[in-house]
Amino acid sequence: MIINTPPMGWNSWNTFGEEINEKVVMETADFIASSGLKECGYEYVIIDDCWALRERNEKGEMVPDPEKFPNGMRYVADYVHSKGLKFGMYSCGGTMTCAGYPGSYDHEFVDAKCFAEWGVDYLKYDYCYHPETTYGHIVYKRMALALANCGRDIVFAACSWGAENTKAWIKETGAHTWRSTGDINDSWASIKDLAQSQIQKVEYNGNGCYNDMDMLIVGMNGKGNVALTGCTEEEYKTHFAFWALMGSPLIIGCDLRKADESAMKILMNKELIAIDQDKAYRQPWVLNCRREENKVREQETPLYDCYQLDQPAIARFLDNGDIAVGIFNFLDREAKPRVTLDAFGLGECTGKTLELTNVWTGEIEKPRNGTIETKLAPHSCVVYRAKVVDAK
Ligand code: GLA
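Conventions used here
- Residues numbered from 1 in each chain as written.
- Predicted model: local features only at pLDDT ≥ 70, side-chain atom pairs only at ≥ 80, totals over all residues.
- Heavy atoms only, no water.
- Patch = residues over 30% accessible without salt bridge, like charges linked within 9 Å, V, L, I, M, F, W, Y side chains within 5 Å.
- Areas by Shrake-Rupley, 256 points an atom, 1.4 Å probe, with all protein chains shown as cover.
- Salt bridge = Lys/Arg side-chain N within 4 Å of Asp/Glu carboxyl O.
- Lys, Arg positive; Asp, Glu negative; His and termini not counted.
- Charge placed at Lys NZ, Arg CZ, Asp CG, Glu CD.
- Helix = DSSP H or I, 4+ residues; strand = E, 2+ residues; numbered from the N terminus.
- Near = heavy atom within 4 Å.
- Polar contact = N/O pair within 3.5 Å; in protein donor to acceptor, adjacent residues only side chain to side chain.
- Nonpolar A, V, L, I, M, F, W, Y, C, P; charged D, E, K, R; others polar.
- Pairing = 2+ DSSP bridges.
- Contact = heavy atoms within 4.5 Å.
- Axes fitted to C-alpha atoms, helices over the stretch in contact; angles between N-to-C directions.
- Buried < 20%, exposed > 50% of the residue type's maximum accessible area, 1.4 Å probe, protein only.
- Phe/Tyr/Trp six-rings, centres within 6.5 Å; stacked < 30°, edge-to-face > 60°.
- Lys NZ or Arg CZ within 6 Å of the ring centre and 35° of its normal.
- Core = buried A, V, L, I, M, F, W, Y, C linked by side-chain atoms within 4.5 Å.
- Disulfide = S-S within 2.5 Å.

(A) Representation of a negative patch on the surface in the model. Together, E233, E234, D260 and E261 give the surface a local cluster of negative charge. Residue placement: E233 occurs in helix α9 (residues 233-245).

Structure representation (structure tokens):
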């Protein structure tokens with residue numbers, strides 16, 4: 001099974017953690033279906049860790065906690081499906097999940113069968129408590145094999161946080177997404193840290209297996225399971241824009257039932273969603289991390305040898321010939337990054353230039369002499385969809 005674009009949806013972990021239950025999941029599904037989020041592409045309603053009883057039943061199966069899910073999982077899945085949405089669940093490739101519930105190691109086929117019977121469409125698969133003697137790629141191949149033989153199409157979302165050089169082997173397991181970061185929390189420091197860590201990983205993105213930068217914190221406003229300080233509106237905008245430009249899955253993590261207008265506006269930015277979901281799905285590249293002039297790249301050096309860029313400029317070729325360009329200011333002070341969109345950076349040819357549409361304001365700008373001059377407030381960004389037009 002192949003998926004053509006990174007998954008979009010909602011996951012319970014960031015806000016609810018252990019406090020997950022049927023009511024939250026069903027009300028969230030209602031909200032996604034009625035608020036316009038569904039039309040924007042948000043599709044998967046995913047229950048993360050802590051849904052099961054601590055012990056398996058006598059058949060060796062995992063059992064949904066009857067206090068949290070009194071009607072069982074098939075009931076919840078049917079409800080989510082009745083809203084035209086898809087249903088996701090969570091397990092772990094170790095002997096226990098990260099929160100100490102049963103893990104799927106050595107129960108892969110039993111669990112995959114249950115997931116299929118319950119109507120699961122997406123499985124997030126974590127990496128805590130994996131046996132020390134088993135390689136990471138084997139842990140994921142075991143479940144991949146079980147899912148591929150369970151009789152139902154299930155998106156396989158690997159979550160080994162990049163451990164054991166995940167990027168080198170994850171595609172061979174058949175996973176559709178892989179967590180290329182550690183866990184996010186609701187703070188600017190976390191956004192910046194995760195974003196900067198991706199520069200070295202852009203080249204692994206795409207081809208049916210997408211780098212997953214972790215769930216969104218937009219709209220959490222300092223409340224919930226992974227809440228810390230919370231972020232400003234500008235910071236949430238920068239977060240969403242970076243994730244979209246990098247082509248990460250867009251999995252909402254706030255309590256949608258209480259989402260404010262500002263969060264909804266960010267989550268429903270159609271231009272950014274279109275960039276994220278572009279059907280050609282070409283990997284992004286970094287415009288302002290250039291090799292030293294005339295330096296030939298050694299075979300083993302990483303594509304980008306800039307670490308912790310504080311004003312990264314990211315570009316992506318889109319399917320219709322446009323180019324997405326984002327310029328970010330991770331500094332705590334105003335910055336004026338100048339980004340040159342020249343032949344070196346973009347492949348621009350003589351006689352042509354770019355017309356830039358700002359994805360937040362819709363305003364159109366033209367770069368002067370091929371250069372975008374920006375003035376960015378701390379923690380802010382600008383993102384354009386750039387069109388190739390005739391130069392005058
Ligand atoms: C790990 C994952 C998180 C979440 C928790 C649940 O930390 O990376 O995304 O699923 O486990 O316990």
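(B) Structural context of the site of the ligand. Taken together, the neighbourhood of the ligand is formed by W13, D48, D49, Y90, C98, A99, K124, D126, C159, W161, R179 and D183. A distance of 2.7 Å separates an oxygen atom of the ligand from a polar side-chain atom of D48. Here the ligand has 310 Å² of accessible area as a free molecule, and 93% of this is covered by the chains. When its residues are assigned to classes, the shell around the ligand shows six nonpolar, no polar and six charged.

(C) Region of interest: the sheet that holds strand β16 (residues 381-390). Strand order in the open sheet formed by six strands is β9-β10-β11-β16-β13-β14, with antiparallel pairing between adjacent strands. Bordering the open sheet on either side are β9 (285-286) and β14 (364-365), each of which pairs with just one other strand. Where strand β10 (residues 313-317) lies against strand β11 (residues 323-328), five bridges are found, and the strand directions are antiparallel. The partner of R316 across the bridge, within β11, is A324. In the packing of α9 onto the sheet, contacts are made with β10, β11 and β16, and the angle to β11 comes to roughly 140 degrees.

(D) Inspection of unusual backbone geometry at higher detail. The backbone of N221 sits at a positive phi, close to 50 degrees, despite the residue not being glycine. Phi is positive for Y281, which is not a glycine, with a value near 40 degrees. Of note, Y281 is situated in the loop between α11 (270-276) and β9. By relative accessible area, Y281 is classed as buried at 6%.

(E) Here's a closer look at the packing of aromatic side chains. Scanning all chains against the criterion turns up 18 aromatic pairs. Taking 5.9 Å as the distance between ring centres and 65 degrees as the angle between the ring planes, the aromatic pair formed by Y127 and W161 counts as edge-to-face. In this pair, Y127 sits in the loop between β4 (122-126) and α6 (136-148) while W161 sits in the loop between β5 (155-158) and α7 (166-173), placing the two residues 34 residues apart along the sequence. In this structure an aromatic cluster arises from ring pairing among Y125, Y127, Y140, F156, W161 and W169. One cation-aromatic arrangement involves R142 over Y105; the distance from NZ or CZ to the ring centre is 4.2 Å. Sitting over the ring of Y281, R316 keeps its end group 4.7 Å from the ring centre.

(F) Fine view of the nonpolar core. If you look at the biggest cluster of nonpolar residues, it comprises 116 residues, and the most contacted ones within it are Y42, W51, F115, F240, W243 and L256. The biggest single contributor to this core is α9, with seven residues. Apart from the residues within four sequence positions on either side, W243 is in contact with I184, I191, L194, A195, M213, D214, L216, S248, P249, L250 and D276. I46, Y122, V155 and M215 belong to the second-largest nonpolar core, a separate cluster that totals 10 residues.

(G) Focus on the sheet that holds strand β1 (residues 8-11). One open sheet holds the eight strands; their spatial order is β7-β6-β5-β4-β3-β2-β1-β8, and the pairing between them is parallel. Since the sheet does not close on itself, it has two edges, and those belong to β7 (210-212) and β8 (250-252), each with one partner. For this sheet the average axis-to-axis angle between neighbouring strands, irrespective of direction, equals 25 degrees. Of the strand pairs in this sheet, strand β6 (residues 177-179) and β7 are connected by three bridges, and their pairing is parallel. Note on β7: the bridge partner recorded for W178 is N211. Where helix α4 (residues 72-82) meets the sheet, its contacts fall on β2 (44-46) and β3 (86-92), and the angle it forms with β3 comes to roughly 140 degrees.

(H) Highlighting the state of the cysteines. One pass over the full model with this rule turns up one disulfide. Across a sulfur-sulfur distance of 2.1 Å, C98 and C128 are joined as a disulfide pair. Measuring the twist about the S-S bond at about 95 degrees, one finds the C98-C128 disulfide to be right-handed. Here C98, found in the loop between β3 and α5 (108-118), pairs with C128, found in the loop between β4 and α6; they are 30 residues apart in sequence, far enough to count as distant. C98 sits in the partly exposed class, given a relative accessible area of 31%. Between C50, a free cysteine, and C98, which holds the nearest cysteine sulfur, the sulfur-to-sulfur gap is 9.6 Å. The structure places no disulfide on C159, whose sulfur is separated from the nearest cysteine sulfur, that of C98, by 6.9 Å.

(I) Focus on the pairing of β11. Across the six residues that make up β11, a large majority, six, are buried. By the alternation rule, side chains of β11 split into I323, V325 and I327 and A324, G326 and F328, which are all buried. Between the end of β10 and the start of β11, which pair antiparallel, lie five residues, with G321 showing a positive phi angle near 95 degrees. Examined bridge by bridge, β11 and β16 share six bridges and lie antiparallel to one another.

Read these as layout, nothing more, since geometry by itself doesn't imply function.
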